[in-house]
2 protein chains.
Amino acid sequence: MSSVVAINQRARSADQKALRRHAVLEAAETYFLEVGYEAFSMSKLAKKIGLAKGTFYLYFQTREELFLTLYEQSLIRWSQVFIDGLSDSMTSEAYAQKLFSSASADGTFLPLLIRLEHMIEHNVAIPRLISSKQVFIKQVKAIAEATSISLSLSEAQAIEVVKTMGVLLIGATQGDQGPSLDHEELPEDVQNLIASFSSEPLFIKNAVRIIEGIRMEAVANI
Amino acid sequence: MSSVVAINQRARSADQKALRRHAVLEAAETYFLEVGYEAFSMSKLAKKIGLAKGTFYLYFQTREELFLTLYEQSLIRWSQVFIDGLSDSMTSEAYAQKLFSSASADGTFLPLLIRLEHMIEHNVAIPRLISSKQVFIKQVKAIAEATSISLSLSEAQAIEVVKTMGVLLIGATQGDQGPSLDHEELPEDVQNLIASFSSEPLFIKNAVRIIEGIRMEAVANI
DNA sequence: CTATATAGCTGACCGACGGTCATTTCAATC
DNA sequence: GATTGAAATGACCGTCGGTCAGCTATATAG
C-alpha cells in the first residue's frame, strides 16, 4: 500500500501525484457518466471525492482541460476496442456497424467528441491543445492501419475513410444528444422526423456510401 | 411612426409586442455575431439595448429559447438563399458547393445548428420545441423540392439527400468552431492535420460521394 | 380632465457557477 | 525535535441565468 495516496495524505513524489491525478480522472469520469456534461460541476465533484475544489486546480488548469483529458482517454480506449473488433476482409457495412456500436458503447467518448471543438478546446492552454491533437493523429494512424487491412484499401484511402468516419459520426449522433422526448406526446410528423434521424442507420448507410465512393475514386483513377 | 415602440414606451397591443420581440431578436443577433455563443450574456445584451434583463424574460422563457428562435430565423433565411441559388440540372458538386457557401455566409446559422441538439434544445419548453421541429420539417420539404429538380432525383431521394447534407454539414464544419490557432506556432504535423480537416473540401467531397451513392442505389433497385 | 385599473417594465436579489490565493498543515530533511 | 517547502484548503470573488414584488405608463371610465 506504500504507493497509494490516501485521501487525506499529500502527494509529494511524482509517482504519488500521477496516482492522485489518475484518481481524480477516474472519479470525474464516473461523475460525468452520472450527470452528463452540462450538469457537471467542479464544486460537486470536489464534494464527491472529498477533496477541496482548489486541489483540482493543482492538477488541471481549467474544467475544460479536465474534459479534454477525459476525451483523450476515451479516444484511446475506444480506438483499441474498435481495432480489436476488426477482422480481415470486412464489408463496409460490417465495418461501419462495428465502428458505430463500439463508439456508442463508450458513454464518455461521443458526448465529449461532439463538444470538443466548440466548447472544450476553448479554455485550454495552447500547448495542451497541441499535445491533444498529436494524440489524435496517432490514433487516426493506428485506426487507419487496421482499416487498410479490413477494407482492403490503400493507406491513403484508409486515412481518408477514418477521418471521414469521424466527421460522419459527429453529425449522425447529433440527434441522440437532444433532450429525451420518450415520455412526451408528440405529433405524428415530429415523431416521424425523429425516427428518420435515428443515428445508427443514419451513420451506417452514409458510411457505406462514403467508403464505396472512396473505393470507386481509386478505380476511376487507374 | 405610430406603430414603432420607442425604447421607453410600453408595448401594449399585440402588434407592438411583436415589434418589440422582433427588435429584441435583431439586437440579440447583432450581439451574437459580435461575441459568439459562449460569451453571449443576457445581462450584457440588456445593457446594449437599454432594456431591463427582466423584460427579455417576458418575451422568451429562457436564454436557450432566444437562441432557438434565432436558429429558426436563420434556418428560414438560409433555406431561401440556398433554394434561390439552385438551378436546373446541377452537378452534385455544384450543388454541394452552393449549399456550403450559402450556409457559411450566414454567421448565425452554423454556430447555432451545431449547438442545437446538445445545448439549445435543453432548457426549452416542449411545445416550443415541437413547433421548432415543425418549422424544420417544412424547410426540409421546401429544400427537397428544389433539390429534386436540381439534381434530377425522385422526391424520396431528394429528402434523403437534404437530411444527409445536414448531418454532413454539422460534422464537416466542426473544425471551424475550434479556437483560432492562426497566430500560434504549431508543429508541422498539427498544421497538416488542421489543413486536412478544412471544412469546405471535406464537405464537398463527401457530399458528392453521398449524392452519387444515393443515385446509384436507385439504379441498382430497378 | 381626473381617477382608477391594468399590465408592461424594472432592477435588486437569489443560488450556483468556475476559478483564485492567503493561509494552514503535513511530511521529508537536517 | 526543529525547520522548511510544497500540497491542500475553503472562504472569497465576479459573473452568470433567472425571479418577482413593486413601480409606473397607458387605456379606460366617470
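These numbers were taken from a predicted model, which means no experiment stands behind them.

Visitor: Hey, could you run me through the interface of chain A and chain B in this one?
Guide: Note on interface size: it is often stated as the accessible area lost on association of the parts. Taken together, the contact pairs 47 residues of chain A with 47 residues of chain B. Of the roughly 4200 Å² buried between chain A and chain B, counting both surfaces, carbon and sulfur atoms make up 69%. Looking only at chain A, the three residues that lose the most surface to chain B are His118, Val167 and Arg209 of chain A, adding up to 17% of its buried area. Here glutamate 160 of chain A ties to arginine 209 of chain B by a salt bridge, and the two come within 3.1 Å at their closest N and O atoms. Put simply, the parts of the chain that give the side of chain A that touches chain B at least two residues each are α6 (109–120), α7 (126–150), α8 (155–172), α9 (188–196) and α10 (199–220) of chain A. When residues in the side of chain A that touches chain B are grouped by element, the largest group, nine residues, is from α10 of chain A. Residue classes in the side of chain A that touches chain B are distributed as 22 nonpolar, 12 polar and 13 charged.

Visitor: Can you help me understand the side chain of glutamate 121 of chain A in this one?
Guide: Counting through the fold element by element, glutamate 121 of chain A comes out in the loop between α6 and α7. Under the relative-accessibility criterion, glutamate 121 of chain A is labelled buried at 4%. When neighbours within four sequence positions are excluded, glutamate 121 of chain A is seen to be in contact with Leu116, Leu129 and Lys133 of chain A together with Gly178 and Pro179 of chain B.

Visitor: Explain the protein's contact with DNA strand D to me, please; I cannot follow it from the model alone.
Guide: Among the 26 residues in the neighbourhood of DNA strand D, the closest are listed as Arg10, Arg20 and Thr55 of chain A together with Lys53 and Arg63 of chain B. Each atom of DNA strand D within 4 Å of the protein was classed as base or backbone; sugar and phosphate made up 61%. A distance of 2.5 Å is found between a base nitrogen of DNA strand D and a side-chain nitrogen or oxygen belonging to arginine 10 of chain A. For DNA strand D, a phosphate oxygen lies 3.0 Å from a polar atom in the backbone of alanine 52 of chain A. Elements with a contribution of two residues or more to the surface near DNA strand D: α1 (14–35) and α3 (53–59) of chain A together with α2 (42–49), α3 (53–59) and α4 (63–85) of chain B.

Visitor: Before we go on, may I ask you to explain the relation of the copies chain A and chain B in this structure?
Guide: In summary, the two copies of the chain are related to each other by a rotation about an axis coupled with a shift along it. With an RMSD of 0.1 Å, the fit of chain A onto chain B corresponds to turning through 180 degrees and sliding 0.0 Å along the axis. Both copies of the chain, as the preceding transformation shows, are related through a two-fold rotation axis. Considering only C-alpha atoms, the residue of chain A closest to the rotation axis is glycine 171 of chain A, which sits at 2.3 Å.

Visitor: Sorry, what's going on with the protein's contact with DNA strand C here?
Guide: In the neighbourhood of DNA strand C, 26 residues make up the surrounding shell, with Arg10 and Lys53 of chain A together with Arg10, Arg20 and Thr55 of chain B lying closest. Here a base oxygen of DNA strand C sits 2.5 Å away from a polar atom, N or O, in the side chain of arginine 10 of chain A. Between lysine 53 of chain A and DNA strand C, the recorded distance is 2.6 Å, taken from a side-chain N or O atom to a base oxygen. Contributions of two or more residues to the surface near DNA strand C are made by α2 (42–49), α3 and α4 (63–85) of chain A together with α1 (14–35) and α3 of chain B. For the surface near DNA strand C, the element with the most residues is α3 of chain B, which contributes four residues. Among the residues forming the surface near DNA strand C, the class breakdown is eight nonpolar, eight polar and 10 charged.

Visitor: Please clarify how helix α5 (residues 92–105) of chain B should be interpreted in this entry.
Guide: Within an α-helix, residues lying three or four positions from one another point in the same direction, as the helix has 3.6 residues per turn. Taking 1.5 Å as the rise per residue, α5 of chain B with 14 residues should run 20 Å; its terminal C-alpha atoms sit 20 Å apart, in good agreement. Buried within α5 of chain B are the following residues: Ser92, Tyr95, Ala96, Leu99, Phe100, Ser102 and Ala103 of chain B.

Visitor: What's the story with unusual backbone geometry in this structure? I'm lost.
Guide: The general pattern is negative phi for most residues beyond glycine and trans for most peptide bonds. Positive phi values are uncommon outside glycine, yet serine 152 of chain A reaches one of about 50 degrees. Structurally, serine 152 of chain A can be placed in the loop between α7 and α8. Using a relative accessible area of 54% as the deciding quantity, one classes serine 152 of chain A as exposed. In the Ramachandran plot, serine 89 of chain B falls in the positive-phi region, its phi being about 50 degrees despite a non-glycine side chain. With a relative accessible area of 60%, serine 89 of chain B lands in the exposed category.

Visitor: Help me understand the domain arrangement of chain A, please; the structure alone is not making it clear to me.
Guide: Residue and element names in this part refer to chain A. According to the domain assignment, chain A consists of domain 1 (1–59) and domain 2 (64–220). For domain 1 and domain 2, the distance between their C-alpha centroids amounts to 29 Å. Each side of the interface is counted separately: domain 1 has 11 residues, and domain 2 has 14 residues. Counting each side, the surface lost to burial between domain 1 and domain 2 is near 1200 Å², with a carbon and sulfur contribution of 67%. Applying the counting criterion to the domain 1 and domain 2 interface returns two salt bridges. Here arginine 115 makes a salt bridge to glutamate 38, at a shortest N to O gap of 3.0 Å. The tally of links from domain 1 across to domain 2 stands at three residue pairs in polar contact (both at pLDDT 80 or more). Elements supplying a minimum of two residues to the side of domain 1 that touches domain 2: α1 and α2. No other element matches α1, which puts six residues into the side of domain 1 that touches domain 2.

Visitor: How should I be thinking about the pattern of salt bridges in this particular structure?
Guide: When the charged atoms of two side chains with opposite charge come close together, those side chains can pair. Across all of its chains, the model carries 26 salt bridges over all chains by this definition. Each of Glu160 and Glu217 of chain A together with Lys205 and Arg209 of chain B takes part in salt bridges that share partners, so that together they form one network.

Visitor: I'm lost on the packing of α7 of chain A against helix α9 (residues 188–196) of chain B in this one. Help?
Guide: Helices that pack against each other are described as a pair by the angle of their axes relative to one another and the distance between those axes. Where α7 of chain A contacts α9 of chain B, the two axes come as close as 10 Å, and the packing angle between them is 70 degrees. Accordingly, the angle class assigned to the pair α7 of chain A and α9 of chain B is roughly perpendicular. Across the interface between the two elements, Ile130, Lys133, Gln134, Phe136 and Ile137 of chain A from α7 of chain A touch Asp189, Val190 and Leu193 of chain B from α9 of chain B. A class-by-class count of the residues in the contact of α7 of chain A with α9 of chain B yields five nonpolar, one polar and two charged.

Cut-offs and rules
Residues numbered from 1 in each chain as written. Chains lettered and ligands numbered in written order. Predicted model: local features only at pLDDT ≥ 70, side-chain atom pairs only at ≥ 80, totals over all residues. Heavy atoms only, no water. Contact = heavy atoms within 4.5 Å. Buried area = accessible area lost by both parts, 1.4 Å probe. Salt bridge = Lys/Arg side-chain N within 4 Å of Asp/Glu carboxyl O. Helix = DSSP H or I, 4+ residues; strand = E, 2+ residues; numbered from the N terminus. Nonpolar A, V, L, I, M, F, W, Y, C, P; charged D, E, K, R; others polar. Buried < 20%, exposed > 50% of the residue type's maximum accessible area, 1.4 Å probe, protein only. Near = heavy atom within 4 Å. Polar contact = N/O pair within 3.5 Å; in protein donor to acceptor, adjacent residues only side chain to side chain. Least-squares fit on C-alpha atoms with pLDDT ≥ 70 in both. Expected span 1.5 Å × (residues − 1). Domains from an automatic or database assignment. Axes fitted to C-alpha atoms, helices over the stretch in contact; angles between N-to-C directions. Parallel < 35°, antiparallel > 145°, perpendicular 65-115°, else oblique.

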